[in-house]
Number of protein chains: 2
Amino acid sequence: MQLAVEHEILSYLIAPDPTAPRLTRVVEGVDHDGKATQISVVEERPLTIFLNGQEIVTAMTIGDYPEYLAVGFLRNQGMLADDEIVQGVDYDEELETVVVRTDGQTTYEEKLKKKTRTSGCAVGTVFGDMMEGLEGVTLPDLPVKTSDLYTLAAQINRTPSLYLEAGAIHGTVLCQGDRPLVYMEDVGRHNAVDKIAGWMHMEGVTASDKLLYTTGRLTSEMVIKTAMMGIPALASRSGFTAWGVEIAREVGLTLIGRMRGKRFVCLAGEERLTRDADPDAVGEEDRKHRRKSAETASHDSA
Amino acid sequence: MQLAVEHEILSYLIAPDPTAPRLTRVVEGVDHDGKATQISVVEERPLTIFLNGQEIVTAMTIGDYPEYLAVGFLRNQGMLADDEIVQGVDYDEELETVVVRTDGQTTYEEKLKKKTRTSGCAVGTVFGDMMEGLEGVTLPDLPVKTSDLYTLAAQINRTPSLYLEAGAIHGTVLCQGDRPLVYMEDVGRHNAVDKIAGWMHMEGVTASDKLLYTTGRLTSEMVIKTAMMGIPALASRSGFTAWGVEIAREVGLTLIGRMRGKRFVCLAGEERLTRDADPDAVGEEDRKHRRKSAETASHDSA
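Model, not experiment: these values are computed from the prediction. Each chain carries its own residue numbering, running from 1 in the direction its sequence is written. As they are written, the chains are lettered A onward and the ligands numbered 1 onward, keeping that order. Selection of residues for local features in this predicted model requires a pLDDT of at least 70, selection of side-chain atom pairs for listing and counting requires 80 or more, and totals for whole chains, interfaces and linings are taken over all residues. Neither water nor hydrogens contribute to the side-chain values; these are computed over all heavy atoms in the structure.

Student: It is not clear to me how the sheet that holds strand E13 (residues 263–268) of chain A should be interpreted in this structure. Could you clarify?
Tutor: Sheet strands pair by backbone hydrogen bonding; their relative direction is either parallel or antiparallel. Sheet architecture is open: 8 strands sit in the order E9(A)-E8(A)-E10(A)-E11(A)-E12(A)-E13(A)-E1(B)-E2(B), paired in mixed fashion. Here the strands that pair on one side only, and so sit at the sheet edges, are strand E9 (179–186) of chain A together with strand E2 (36–42) of chain B. Along the sheet, successive strands turn relative to each other by an average axial angle of 30°, direction set aside. For two strands to be treated as a pair, DSSP must find at least two bridges joining them. A run of H or I in DSSP becomes a helix once it reaches four residues, and a run of E becomes a strand once it reaches two; helices and strands are each numbered from the N terminus. Two strands pair when backbone bridges link them, and strand E8 (residues 170–176) of chain A and E9(A) are joined in this way by 7 bridges, in the antiparallel orientation. Its bridge partner being in E9(A), A:Gln176 is matched across the sheet by A:Arg179. Helix H7 (residues 191–203) of chain A contacts E8, E9 and strand E10 (211–214) of chain A of the sheet and is inclined by roughly 130° relative to E9(A). Contacts between helix H8 (residues 220–228) of chain A and the sheet are confined to E8, E10, strand E11 (233–236) and strand E12 (254–260) of chain A, with E11(A) contributing the most and set at about 145° to the helix. Only the contacting stretch of a helix is used when fitting its axis, a line to C-alpha atoms as for every element, and angles between N-to-C directions run 0 to 180 degrees. In this analysis, two residues are considered to be in contact whenever any of their non-hydrogen atoms come within 4.5 Å of each other.

Structural data, given as structure tokens:
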């Protein structure tokens, strides 16, 4: 596989670091021929997120950018409002905890206390709150050029990543126009997108002119998170679920899936697509340039 | 693609039903050439699981076998003990709830009440309880023939499924020897395996002579669930995480990943493999017979 050239990688604000020692480990095994083999596998560790004095969730994560993950998770769950000031984020590597401190008690904490007294579990609440947070959301109109989509996909697929190094991981990339800006990876289902949300919140980044590219499926949760972030376009190599499509149409999210080579399907926001590229000039994905997944991975999933 | 012949499909006790109207939906979209297109996408709906009077979790599921999903989830979380008698499982399609009733108050309910009073959220507890449930677990020694692995993979890949119909879904198959018995699919990360756990518990099926085949990654959660079910072998088309490998080695689970055509890697339990097949006689996966994923899906994931 021909990887991206240096100036392409330099154009990222944050790119994956496949050589980081804490993120992968070499494990000994035996292959189909009975030969001893060594393979690189991704790490996976628990991280417990606290909001002020309240334990919220234990996420399974690869372990990079724990502060962004915590803030992004809380944002995407609607537990941290737009105007709420994050006063500090304390990560403790040994305890595997991260505490997000805000000014004063949040509404969410009140809600959680009330809820847990009656029904005992926050998971339902969390989900309910996410849907609640979407009420009245209408995303800004953002024209999406198909030429940008093709440029982004080609560049992202060739970017050195933990996925190319070890597999078994998800990637999500925040993009603007034809430029990928922040590329996060994680073993956990939606951690990659939460890390991007955390980065955007901490850095005060505008969402209205961005597009999110993901390797995972376009499920309801993925669509809700993107809408909660205020990002008006979401593209993926993978497929759709019916509810993901429904929500995208409701909130005005441009939803593009099954992007492979020249092919894609747009299931929401077709009217915002500017078809300025000739698909036949793009051609099929070259076998050598396909993500490793296309040959060695299995499922269309998030 | 050449699908499995009828007698192969009849050998399943439960096989996927890709024609079931409630599980997929046809959605209108536009393709890369600007042509209107219709694609089949999987459904995704919330299901709230109760244990007696206690709300436990809201899972996102495709919606088939809600009773098995509920019982299996509770089993795999260690909330339903081996000797606990399930007195009833009531599914309400309209309310999207399923209530599992047992004889008396479970320990888990006590724990949850105590826990939620102090830290407010059950998610951490659930995870902690799973690891706790694994303490002292040693799986039975089960020899695994490589000839069986090849036979299973070939048959499962050719079985008509929601995956082949609509993509964006996970599959898990309970197997015995060279025979796939129960093939469950779901959009939700671990719902497919939970549905198998529920089926086994309700039907009183022995675990010690079974193998679990999954399309998803071999993460810690997948390995823990398999061990909680008492199943001594786990095989996947996808890759590994470091912690998944570690736990498999601790509990004596035979762990095989990256199964494609003749290739696979065994990272735990190599001493229990009986290498009775010549990999070169299996050959590479024929392009036509590969799962759709290999060509159109993206990520190695669960």
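Student: Any chance you could explain the packing of H8(A) against helix H9 (residues 242–251) of chain A here in plain terms?
Tutor: In a pair of packed helices, the angle between the axes and the distance between the axes together describe the arrangement. Residue and element names in this part refer to chain A. The geometry of H8 relative to H9 is characterised by a closest axis approach of 7 Å and an angle of 20° between their N-to-C directions. What the angle tells us is that H8 and H9 run roughly parallel. The chirality of how H8 crosses H9 is right-handed. In this structure, H8 contributes Ser 220, Val 223, Ile 224 and Ala 227 to the contact, and H9 contributes Trp 243, Gly 244, Ile 247, Ala 248 and Val 251. The classification used treats Ala, Val, Leu, Ile, Met, Phe, Trp, Tyr, Cys and Pro as nonpolar, Asp, Glu, Lys and Arg as charged, and all other residues, Gly among them, as polar. Looking at side-chain class alone, the contact of H8 with H9 contains 7 nonpolar, 2 polar and no charged residues. Note on terminology: angles under 35 degrees are roughly parallel, angles over 145 are roughly antiparallel, angles of 65 to 115 are roughly perpendicular, and the others are oblique. Crossing handedness: left-handed means the near helix sits turned counterclockwise from the far one by under a right angle, and right-handed means the same turn made clockwise.

Student: Any chance you could explain helix H2 (residues 66–76) of chain A here in plain terms?
Tutor: Every α-helix winds through 3.6 residues per turn, so residues three or four apart in the chain are directed the same way. All names here are of chain A. Classification of residues uses two cut-offs on accessible area relative to the type maximum, computed with a 1.4 Å probe and protein chains only: under 20% is buried, over 50% is exposed, and between them is partly exposed. In terms of burial, H2 is largely enclosed, as 10 of its 11 residues are buried. Taken residue by residue, H2 has Pro 66, Tyr 68, Leu 69, Ala 70, Val 71, Gly 72, Phe 73, Leu 74, Arg 75 and Asn 76 as its buried positions. Once H2 finishes, Gly 78 follows within two positions and takes phi at roughly 75°, a positive value.

Student: Explanation requested: the packing of aromatic side chains in the structure shown.
Tutor: Aromatic rings considered in pairs are described by the distance between their centres and by the relative angle of their planes. Residue and element names in this part refer to chain B. Planes of paired rings set the category: under 30 degrees apart is stacked, over 60 is edge-to-face and the rest tilted, where pairs are Phe, Tyr or Trp rings (Trp by its six-membered ring) whose centres lie within 6.5 Å. Throughout the structure, instances matching the rule amount to 6 aromatic pairs over all chains. Here Tyr 150 and Phe 264 contribute two aromatic rings whose centre-to-centre distance is 6.2 Å and whose plane-to-plane angle is 55°, an arrangement assigned as tilted. In this pair, Tyr 150 sits in helix H5 (residues 146–158) while Phe 264 sits in strand E13 (residues 263–268), placing the two residues 114 residues apart along the sequence. Its relative accessible area of 9% is what places Tyr 150 among the buried residues.

Student: Please clarify how the side chain of A:Thr61 should be interpreted in this entry.
Tutor: Secondary-structure assignment places A:Thr61 in strand E4 (residues 54–61). Reaching out from A:Thr61, the side chain makes a polar contact with the side chain of A:Asp186 at a distance of 2.7 Å. For this analysis, a polar contact is any N or O atom pair within 3.5 Å, provided that within protein one partner can donate a hydrogen and the other can accept it, and provided that sequence-adjacent residues contribute only side-chain to side-chain pairs.

Student: So what exactly am I meant to see when it comes to unusual backbone geometry here?
Tutor: Backbone geometry follows two general trends: most residues other than glycine have a negative phi, and most peptide bonds adopt the trans configuration. Residue and element names in this part refer to chain B. In the Ramachandran plot, Asn 52 falls in the positive-phi region, its phi being about 50° despite a non-glycine side chain. Considering the arrangement of structural elements, one finds Asn 52 in the loop between strand E3 (45–51) and strand E4 (54–61). Notably, Ala 168 is not glycine yet its phi reads approximately 55°, a positive angle. Relative to the helices and strands, Ala 168 resides in the loop between helix H6 (162–166) and strand E8 (170–176).

Student: Got a minute to help me understand the pattern of salt bridges in this structure?
Tutor: If charged atoms from side chains of opposite charge come close, those side chains can pair. One speaks of a salt bridge when a side-chain nitrogen belonging to Lys or Arg is within 4 Å of a carboxyl oxygen belonging to Asp or Glu. All told, the structure shown has 26 salt bridges over all chains when counted by the stated rule. With its nearest N and O atoms 3.7 Å apart, the salt bridge here joins B:Asp141 to B:Arg272. Highlighted residues: B:Asp141 in the loop between helix H4 (122–134) and strand E7 (144–145) and B:Arg272 in the loop between E13 and strand E14 (273–274), separated in sequence by 131 residues. Judged by relative accessible area, B:Asp141 falls into the exposed class, the value being 65%. Between B:Asp194 and B:Lys225 there is a salt bridge, with its nearest N and O atoms 2.9 Å apart. Of the two residues, B:Asp194 sits in helix H7 (residues 191–203) while B:Lys225 sits in helix H8 (residues 220–228), which places them 31 residues apart along the sequence. Residue B:Lys225 is classed as buried on the basis of its relative accessible area of 1%. Because the salt bridges share partners, they merge into one network encompassing A:Arg25, A:Glu43 and B:Glu246.

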